[in-house]
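What the coordinates show
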Amino acid sequence: MNSAYQEIMESYRRQQEMNKQSRKQRKTELYAKIPRLAEVDLKMSVLGSGISQALLKSPKDSEKLLKELKKELDALKREKAVLMTDHGVPMNYLELHYNCEKCSDTGFTQTNQRCSCLTQKLISKAYEMSGIEQQLEKQNFSHFDLKVFSNAALPKEKHSQRNNMMRILAEAETFVKSFPAGKNLLFYGSSGLGKTYMCNCIAKALLDEGYSVIYQTPFSIINILEKKTFSDKDNPFVQVAYEQLFESDLLIIDDLGTETANTFTISEFYNIINARILKEKSTIISTNIKLSEISSFYNDRIDSRLKGHYEIIRFYGPDVRWENK
Ligand SMILES: [Zn+2]
């Protein structure tokens, strides 16, 4: 592949190096705190090599010796466990710790499949998502403040804006907790009501859990579709970006408007939306188009997929203009 790919693989290699370094540091610190542990570890490794030598020499004659060595080793293991427990040290403290347990920070699983963490790195690179990822640090469930929404009764609504947001928040949290359940959400309502913020919260929570997420505006998705179809077919990042529109655990199309509706995008969007429904891959779409107008701006097929397979969630109330704060 190309240099951007090599850069990603290099970042895995650096991460593995850092994992080793930090284990070394934990070990040094712990040995200083519990000197007996250093002795036990040393004895264990001496015994370990004694056992393998005995096995090499003559498996038959060494049976008795082996038995004794193993007994000694078991006693040391027990002593080590007691030492660690007494000092409140978790048993895996001196093992390597990984950012991604699934692939031990190699990018590939044991069966040599591409790990979801590598997929996400490729997605982020292909869609230049690093800016979005920074923004997600600020906009997430733990920073969600219901108080910015008015609690005043609204003339045409059953619930206040704050109550409505409370219900939406619960819905979003359920979506995350039950993920991946193949559920889809359609957020609609005029701008400035928190739709993007809610998408951010969900994206952040699922990225943190190691799911692959594409989070984009229709414009950048169309950009990829055009490159894939016309101008940049052979670019591996364009291929990943395209493939992941169908394969990623979650696709968020944020701010679907009327300006991106043309024959090309309508048929491509339909393909994506429909394929994801069939594969039970979740999609979230936020839009300011009125529900009654989706079919006239896009088409009946898209309209019926959304209304038939998406949970429709309406945002309303005064514009709080908080999304850009
Ligand atoms: Zn991984």
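Conventions used here
Residues numbered from 1 in each chain as written. Predicted model: local features only at pLDDT ≥ 70, side-chain atom pairs only at ≥ 80, totals over all residues. Buried ≥ 20, exposed ≤ 12 C-beta atoms within 10 Å, placed from the backbone. Helix = DSSP H or I, 4+ residues; strand = E, 2+ residues; numbered from the N terminus. Pairing = 2+ DSSP bridges. Domains from an automatic or database assignment. Axes fitted to C-alpha atoms, helices over the stretch in contact; angles between N-to-C directions. Core = buried A, V, L, I, M, F, W, Y, C linked by C-beta atoms within 7 Å.

Things to note about the pairing of strand 1 (residues 185-188)
Neither face of strand 1 is exposed, since Leu 185 and Phe 187 on one face and Leu 186 and Tyr 188 on the opposite face are all buried. Two strands pair when backbone bridges link them, and strand 1 and strand 4 (residues 282-287) are joined in this way by four bridges, in the parallel orientation. Within strand 4, the position partnered with Phe 187 by the bridge is Ser 286. Relative to strand 5 (residues 311-314), strand 1 runs parallel, the two sharing four bridges. Across the sheet, residue Leu 186 finds its bridge partner in strand 5, namely Ile 312.

Quick notes on the environment of Leu 65
Turning to its location among the elements, Leu 65 is positioned in helix 3 (residues 63-86). Residue classification places Leu 65 among the partly exposed residues on the basis of 14 C-beta atoms within 10 Å. The sequence separation of Leu 65 and Gly 50 amounts to 15 residues, and the corresponding C-alpha distance is 9.8 Å.

With respect to unusual backbone geometry
Cis geometry is adopted by the peptide bond preceding Pro 180, which originates at Phe 179 and carries an omega value of -5 degrees. Phi is positive for Glu 128, close to 50 degrees, though the residue is something other than glycine. With respect to the helices and strands, the residue Glu 128 is situated in the loop between helix 4 (116-126) and helix 5 (130-138). Classification of Glu 128 by C-beta neighbours within 10 Å gives exposed; the count is 11. Unlike most non-glycine residues, Asp 255 shows phi in positive territory, near 70 degrees. Of note, Asp 255 is situated in strand 3 (residues 250-256).

Quick notes on the domain arrangement of the protein chain
When cut into domains, the protein chain gives domain 1 (3-86) and domain 2 (116-314). Summarising the inter-unit geometry, the C-alpha centres of domain 1 and domain 2 are found 47 Å apart.

Let's talk about the sheet that holds strand 1
The five strands lie next to each other as 2-3-4-1-5, forming an open sheet whose pairing is parallel. Edge positions in the sheet fall to strand 2 (213-216) and strand 5, since each has one partner strand and no second. Pairs of neighbouring strands in the sheet enclose a mean axial angle of 10 degrees, with direction left out of account.

Side note on the nonpolar core
Judged by nonpolar contacts, the single largest core of 52 residues is most densely connected at Ile 202, Ala 203, Ala 241 and Ile 252. The element contributing the most residues to this core is helix 7 (residues 195-208), with eight residues.

Some details on the pairing of strand 2
Side chains Val 213 and Tyr 215 of strand 2 all project onto a buried face; the interleaved residues Ile 214 and Gln 216 project onto the opposite face, where all are buried too. Sheet topology note: the strand 2/strand 3 ladder contains four bridges and is parallel. Residue pairing for strand 3: Tyr 215 is matched across the bridge by Ile 252.

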